[in-house]
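Take a look at the letters that make up each chain.
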Amino acid sequence: TGILLYGFAMLYGASGTLVLQDIVLVLQSESEGVLSATATIGLILSVLAISYKIAAVPMHFYAPDVYEGAAAPMTAFLGFVPKAAGFFALIIILEIRTTEGNLYETVEIVLWVMAVLTMTLGNVGAILQSSLKRILGYSSIAHSGYLLLGILAGPGDGYQALLIYLVLYGISNTGAFAVLASVRHQNYELSTLKDLSTLRKHHPAAAWGMAICSASLLGLPPLIGFWGKLFLFAAAIKSGHLVLVVIAALNSGISSWYYLKMASLALVAKHKKEKDSI
């Protein structure tokens, strides 16, 4: 909150107004394609502060702990609603553009680095986890990195693809947490990856639900997650961010390690063999 307020104060100092449309007009008339140092710092601080809402680097550290500590229904809410609000806020604040409608170069570089670090740290962090909620927490971080492609692609196709991806991600992520919430009864609870191996035995429908949601989050065709990534990557390529799309595709490959593991463990019933005591 302090970073956000300081960023807004810097934007006010650079423009002399608190009205966003007026800020855009003032900065466009004065910048000639290059923001002043005060306006640049203010805009970057504002973007970094809003990244807390979407759990993006460098404001991502809290997400896995909150996901693990909160109840599954609340975590499902936290995994989508604040993220959606954060991206809407980014869209609004990034109306501060050049007269040609492009992001200012420094801001674009910051968003580019944020996207790469967010998707990479999210996926690598998820691989190292054994707790299901922490895996989904890091997964949420990684998906914020993918969604930043839509922000960089800009108004039109970029924002449209972002909104489509956001909705489809929300459905898949909420479905995964719905499984965690639905099977918690009579001392049976899914906490770790190993617990998934008993899911099909106790709750076959929930096992299929977890497998489908995991595959959708990965982006396997023909599930809805695939179409979300297809639209998002196409919009990013169209806007000239081919390198970023390649990095995102590589990260999708990394994410297949834990998503496919979740899906396979959920569908493969494990029957423990009792050993005779010696």
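Residues numbered from 1 in each chain as written. Predicted model: local features only at pLDDT ≥ 70, side-chain atom pairs only at ≥ 80, totals over all residues. Heavy atoms only, no water.

Draft legend 1. Inspection of the overall build of the protein chain at higher detail. Scanning the protein chain from N- to C-terminus turns up 13 helices and zero strands. Counting only C-alpha atoms, the protein chain reaches 85 × 35 × 30 Å along its principal axes. Burial analysis of the protein chain (278 residues in total) assigns 51% to the buried set. Excluding contacts between residues fewer than 6 apart, the proportion of contacts in the protein chain whose partners are at least 24 apart in sequence is 74%. When the accessible surface of the protein chain is summed, it comes to about 13200 Å², and 67% of that surface belongs to carbon and sulfur atoms. Side-chain charges in the protein chain split into 16 positive and 14 negative, and the spacing between the mean points of these groups amounts to 20 Å. (Helix = DSSP H or I, 4+ residues; strand = E, 2+ residues; numbered from the N terminus. Buried < 20%, exposed > 50% of the residue type's maximum accessible area, 1.4 Å probe, protein only. Contact = heavy atoms within 4.5 Å. Areas by Shrake-Rupley, 256 points an atom, 1.4 Å probe, with all protein chains shown as cover. Lys, Arg positive; Asp, Glu negative; His and termini not counted. Charge placed at Lys NZ, Arg CZ, Asp CG, Glu CD.)

Draft legend 2. Representation of unusual backbone geometry within the structure. Note that the residue after Val57, namely Pro58, is joined by a cis bond; omega there is 10°. Take Pro58: it is sitting in the loop between α3 (37–50) and α4 (62–69). Cis rather than trans, the peptide bond between Pro221 and Pro222 has omega equal to 5°. Inspection of the secondary structure puts Pro222 in the loop between α11 (204–218) and α12 (224–238).

Draft legend 3. Region of interest: the nonpolar core. Ranked by internal contacts, the top residues of the largest apolar core, which has 80 residues, are Ile96, Leu111, Ile151 and Leu199. Ranked by the residues each element gives to this core, the list is headed by helix α8 (residues 132–153), at 12 residues. (Core = buried A, V, L, I, M, F, W, Y, C linked by side-chain atoms within 4.5 Å.)

Draft legend 4. Region of interest: helix α13 (residues 242–267). Its 26 residues give α13 an end-to-end C-alpha distance of 36 Å, which sits within 8% of 38 Å, the value for a rise of 1.5 Å per residue. The largest bend along α13 reaches roughly 35° and is located at Ser256. Looking at the buried side of α13, the elements it contacts are α7 (105–127), α8, α10 (199–202), α11 and α12. (Expected span 1.5 Å × (residues − 1). Bend = angle between axes of the 7 residues up to and from the residue.)

Draft legend 5. Here's a closer look at the pattern of salt bridges. Taken as a whole, this structure holds three salt bridges when the rule is applied. A salt bridge links Asp65 to Arg134, with the shortest nitrogen-to-oxygen separation between them at 2.8 Å. Of this pair, Asp65 sits in helix α4 while Arg134 is found in helix α8, placing the two residues 69 residues apart along the sequence. Judged by relative accessible area, Arg134 falls into the buried class, the value being 16%. (Salt bridge = Lys/Arg side-chain N within 4 Å of Asp/Glu carboxyl O.)

Draft legend 6. Molecular detail of the side chain of Thr118. Structurally, Thr118 can be placed in helix α7. The residues touching Thr118, leaving out its near neighbours within four places in the chain, are Ala55, Ala56, Val57, Ile141, Ala142, Ser144, Gly145 and Leu148.

Draft legend 7. Layout of the confidence of the model for the protein chain. Taken residue by residue, the protein chain gives an average pLDDT of 89. The fraction at 70 or more is 94%. Contacts from residues 271–278, a stretch scored under 50 in pLDDT, to residues over four places away or in other chains number one contact. (pLDDT = per-residue confidence, 0-100.)

Draft legend 8. Focus on a nonpolar patch on the surface. A cluster of nonpolar side chains, namely Ile109, Val113, Leu117 and Leu121, defines an oily patch on the protein surface of about 320 Å² accessible area. Topologically, Val113 is positioned in helix α7. Take Val113: its relative accessible area is 38%, and that puts it in the partly exposed class. (Patch = residues over 30% accessible without salt bridge, like charges linked within 9 Å, V, L, I, M, F, W, Y side chains within 5 Å.)

Draft legend 9. Just the environment of Arg97, in detail. Position of Arg97 relative to the elements: it lies in the loop between α6 (81–93) and α7. Given the relative accessible area of 9%, Arg97 is considered buried. It is 29 Å that separates the C-alpha atoms of Arg97 and Gly79, two residues lying 18 residues apart in sequence. Residues in contact with Arg97, not counting those within four places in the same chain, are Gln28, Asn102, Leu103, Tyr104, Ile151, Gly154, Pro155 and Tyr159.

Draft legend 10. The arrangement of the packing of helix α1 (residues 2–15) against α3 in detail. Two numbers describe how α1 lies on α3: the axes approach to 7 Å, and their chain directions differ by 155°. With respect to their mutual orientation, α1 and α3 come out roughly antiparallel. Relative to α3, the crossing made by α1 is left-handed. Two secondary-structure elements touch here, α1 through Ile3, Leu4, Tyr6, Gly7, Phe8, Met10, Leu11 and Ala14 and α3 through Thr38, Ala39, Ile41, Gly42, Leu43, Leu45, Ser46, Ala49 and Ile50. Class assignment of the residues belonging to the contact of α1 with α3 gives a composition of 13 nonpolar, four polar and no charged. (Axes fitted to C-alpha atoms, helices over the stretch in contact; angles between N-to-C directions. Parallel < 35°, antiparallel > 145°, perpendicular 65-115°, else oblique. Left-handed = near helix turned anticlockwise from the far one by under 90°. Nonpolar A, V, L, I, M, F, W, Y, C, P; charged D, E, K, R; others polar.)

Draft legend 11. Inspection of the packing of α8 against α13 at higher detail. Taken N-terminus to C-terminus, the directions of α8 and α13 make an angle of 160°; their axes are 11 Å apart at the nearest point. In terms of their interaxial angle, α8 and α13 are classed as roughly antiparallel. Considering how the two elements wind past one another, α8 and α13 form a crossing that is left-handed. Contacts between α8 and α13 pair Leu132, Ile135, Leu136, Ser139, His143, Tyr146, Leu149 and Leu152 from the former with Leu244, Val245, Ala248, Asn251, Ser252, Ser255, Tyr258, Tyr259 and Met262 from the latter. A per-class count over the contact of α8 with α13 returns 12 nonpolar, five polar and no charged.

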